[in-house]
Amino acid sequence: MAPNTITFIGLLGMLASYLVMWYYCPNLDEAVDSDSSPPSDNDSIPRWIFLFNGVMMFFYQTLDNMDGKQARRTENGTPLGMLFDHGCDAINSPLGSACWACAMGIGPSSRVVMFATLTSSMIPFYTATWEEYYTGALVLPVINGPNEGILMGAALSVASFLWGASYWHTYSWNEAWLGKGIDFVVSMCPAQLAAVVPELGFKNYEILVGLGLGCAMQELILKSVSVVKSHGLLTLVNQLPFVVLLGASVKLFSTEMGERLLLQVPRTAMLLFGVLFVEMVCALMLDHMCKKSFNPIRPILVPLVAMVVMVSYQLIEYEVLVSAFQMYFSGAFVFLSFRLFVAGSEICEALNIWCFDIVNKRKKEKLA
């Protein structure tokens, strides 16, 4: 079996899990009945979807590790395999984050935590790809996203299957680990800073997402310092697309109109964010492979920035914004799909190989 086929089968498993989650939890937070006090599980959402997601995550992680071994065993390691493998990892990042949000009952009503859940996997991924662009080596920490991160995500989903999504809305972790420590820190802080800490402490999902985001920021800082020391300050320019994506998204959804948009189409918002992320990551990987200069100005981000400006200055009506946002996602998705197809086809032709076949040799086409 071709290594790329192994990778693709794993991605199909994650896609199947995402679609199942989408069917039962279209707004991400249906698994928890937030109207009850304390929050309880929604009996209309079957728990088996969380078990299925955990199994698919483990399935993806296993196949993602097997494809490289298969490529070395069959002596079919190619630049296409590298691009395909990392591209599937990039696609899986927003899919997995959305499934984790569903498993913890985090929806658009908790947009800060929802955004942190999404970006906690994307920040280290983009940073590692950016570092590889300059150093030529993909260096992962001892505890990293593709291995331990996915396994912890699978464990998170299994925990939701066993104890329900409402488990993440309890304060058991805070009471067991942070209670006295938080009280001490709050007593030492100014009143303005102490007011930020909730009276009851932090919920389980807030602690988990906070730890994930903290690890992501640590990796961003360490890798940025390392690359800047060895390759200069101008290397930070190529982080600009991701910074613009993060900043524009935060600005858009922090407005009143943007908040309404997020509540109405949360899945579309997460998918658009994911499509824009995959586009810039794959462009960075492809330019690294072809030894080309990466262009940090991404035209695909222009509509997002334009929406931020129009919403900020109230130059657009809400109904028009919703339609434009959905059209933007559709266009970005088609553009990304076409670009990845063309890039893959051209690499196959240049290397005289097939993407999903290592048995039958590709015949060179004769020019007329």
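Quantities reported herein were computed from a predicted structural model and do not represent experimental measurements.

## Regarding the overall build of the protein chain
Turning to step 1, where the next piece is worked out: Along its length, the protein chain carries 13 helices and two strands.
Turning to step 2, where the next piece is worked out: Its C-alpha radius of gyration of 22 Å places the protein chain within 12% of the 21 Å reference for a compact globule of 368 residues.
Turning to step 3, where the next piece is worked out: By principal-axis analysis of the C-alpha atoms, the protein chain measures approximately 75 × 45 × 45 Å.
Turning to step 4, where the next piece is worked out: Put simply, the protein chain has 368 residues, and 47% of those count as buried.
Turning to step 5, where the next piece is worked out: In the protein chain, 21 side chains carry a positive charge and 29 a negative one; their mean positions are 11 Å apart.

## Remarks on a nonpolar patch on the surface
Turning to step 1, where the next piece is worked out: A grouping of Phe8, Leu12, Leu15, Leu19, Trp22 and Phe356 is seen on the molecular surface, where their side chains present a nonpolar patch of about 520 Å² in accessible area.
Turning to step 2, where the next piece is worked out: Relative to the helices and strands, Phe356 is located in the segment after helix 13 (318–351).

## Notes on helix 3 (residues 79–104)
Turning to step 1, where the next piece is worked out: Counted at 1.5 Å a residue, the expected span for helix 3 with its 26 residues is 38 Å, and the 38 Å between its end C-alpha atoms agrees.
Turning to step 2, where the next piece is worked out: At Asn92, helix 3 is deflected by roughly 30 degrees, the largest bend along its length, and proline Pro94 occurs up to four residues later in sequence.
Turning to step 3, where the next piece is worked out: By the criterion of burial, helix 3 is predominantly enclosed, with 22 of the 26 residues buried.
Turning to step 4, where the next piece is worked out: Gly105 occupies a position one or two residues after helix 3 and carries a positive phi of about 70 degrees.

## Details of the confidence of the model for the protein chain
Turning to step 1, where the next piece is worked out: In this model, the protein chain carries a mean pLDDT of 90, and residues with pLDDT of at least 70 account for 92%.
Turning to step 2, where the next piece is worked out: Taken element by element, the protein chain is modelled with least confidence in helix 7 (residues 191–194), mean pLDDT 58, and with most confidence in helix 12 (residues 302–312), mean pLDDT 97.

## Considerations on the packing of helix 3 against helix 4 (residues 111–135)
Turning to step 1, where the next piece is worked out: Closest axis-to-axis distance for the helix 3/helix 4 pair is 7 Å, and the angle between their directions is 165 degrees. Accordingly, the angle class assigned to the pair helix 3 and helix 4 is roughly antiparallel. Classified by chirality, the crossing of helix 4 by helix 3 is right-handed. Residues Met82, His86, Asp89, Ala90, Ser93, Pro94, Ser97, Trp100 and Ala101 of helix 3 form the contact with helix 4, whose participating residues are Thr117, Leu118, Ser121, Met122, Phe125 and Glu132.
Turning to step 2, where the next piece is worked out: Residues that form the contact of helix 3 with helix 4 fall into these classes: eight nonpolar, five polar and two charged.

## So, the side chain of Ser97
Turning to step 1, where the next piece is worked out: For Ser97, the position within the fold is in helix 3.
Turning to step 2, where the next piece is worked out: Leaving out residues up to four positions away in the same chain, Ser97 has contacts with Thr117, Leu118 and Ser121.

## A closer look at the side chain of Glu132
Turning to step 1, where the next piece is worked out: Inspection of the secondary structure puts Glu132 in helix 4.
Turning to step 2, where the next piece is worked out: Although Glu132 is buried, it makes no salt bridge; Lys223 carries the closest opposite charge, 9.6 Å away.

## Side note on the packing of aromatic side chains
Turning to step 1, where the next piece is worked out: Applying the stated criterion to the full structure yields 19 aromatic pairs.
Turning to step 2, where the next piece is worked out: A centroid spacing of 5.1 Å and a plane angle of 10 degrees characterise the contact between Tyr126 and Phe242, whose relative ring orientation is stacked. Taken as a pair, Tyr126 in helix 4 and Phe242 in helix 9 (residues 240–254) lie far apart in primary sequence, 116 residues in all. Taken individually, Tyr126 and Phe242 each receive the classification buried, so the pair is uniform in this respect.
Turning to step 3, where the next piece is worked out: Taking the centre distance of 5.5 Å and the plane angle of 80 degrees together, the rings of Trp168 and Trp173 count as edge-to-face. Pair check on accessibility: Trp168 and Trp173 agree, each one buried.
Turning to step 4, where the next piece is worked out: One Lys or Arg, Arg260, reaches over the ring of Tyr318 and ends 3.8 Å from the middle of that ring.

## Thoughts on the packing of helix 9 against helix 12
Turning to step 1, where the next piece is worked out: Relative to each other, helix 9 and helix 12 sit at 30 degrees, their axes nearing to 9 Å. For the element pair helix 9 / helix 12, the angle class is roughly parallel. Relative to helix 12, helix 9 is oriented so that their crossing is left-handed. Listed contacts from helix 12 to Val244, Leu245, Ala248, Ser249, Lys251 and Leu252 of helix 9 are Leu304, Val305, Met307, Val308, Val311 and Ser312.

The rules we used
Residues numbered from 1 in each chain as written. Predicted model: local features only at pLDDT ≥ 70, side-chain atom pairs only at ≥ 80, totals over all residues. Heavy atoms only, no water. Helix = DSSP H or I, 4+ residues; strand = E, 2+ residues; numbered from the N terminus. Rg over C-alpha atoms; globule rule 2.2 N^0.38 Å. Buried < 20%, exposed > 50% of the residue type's maximum accessible area, 1.4 Å probe, protein only. Lys, Arg positive; Asp, Glu negative; His and termini not counted. Charge placed at Lys NZ, Arg CZ, Asp CG, Glu CD. Patch = residues over 30% accessible without salt bridge, like charges linked within 9 Å, V, L, I, M, F, W, Y side chains within 5 Å. Areas by Shrake-Rupley, 256 points an atom, 1.4 Å probe, with all protein chains shown as cover. Salt bridge = Lys/Arg side-chain N within 4 Å of Asp/Glu carboxyl O. Expected span 1.5 Å × (residues − 1). Bend = angle between axes of the 7 residues up to and from the residue. pLDDT = per-residue confidence, 0-100. Axes fitted to C-alpha atoms, helices over the stretch in contact; angles between N-to-C directions. Parallel < 35°, antiparallel > 145°, perpendicular 65-115°, else oblique. Left-handed = near helix turned anticlockwise from the far one by under 90°. Contact = heavy atoms within 4.5 Å. Nonpolar A, V, L, I, M, F, W, Y, C, P; charged D, E, K, R; others polar. Phe/Tyr/Trp six-rings, centres within 6.5 Å; stacked < 30°, edge-to-face > 60°. Lys NZ or Arg CZ within 6 Å of the ring centre and 35° of its normal.

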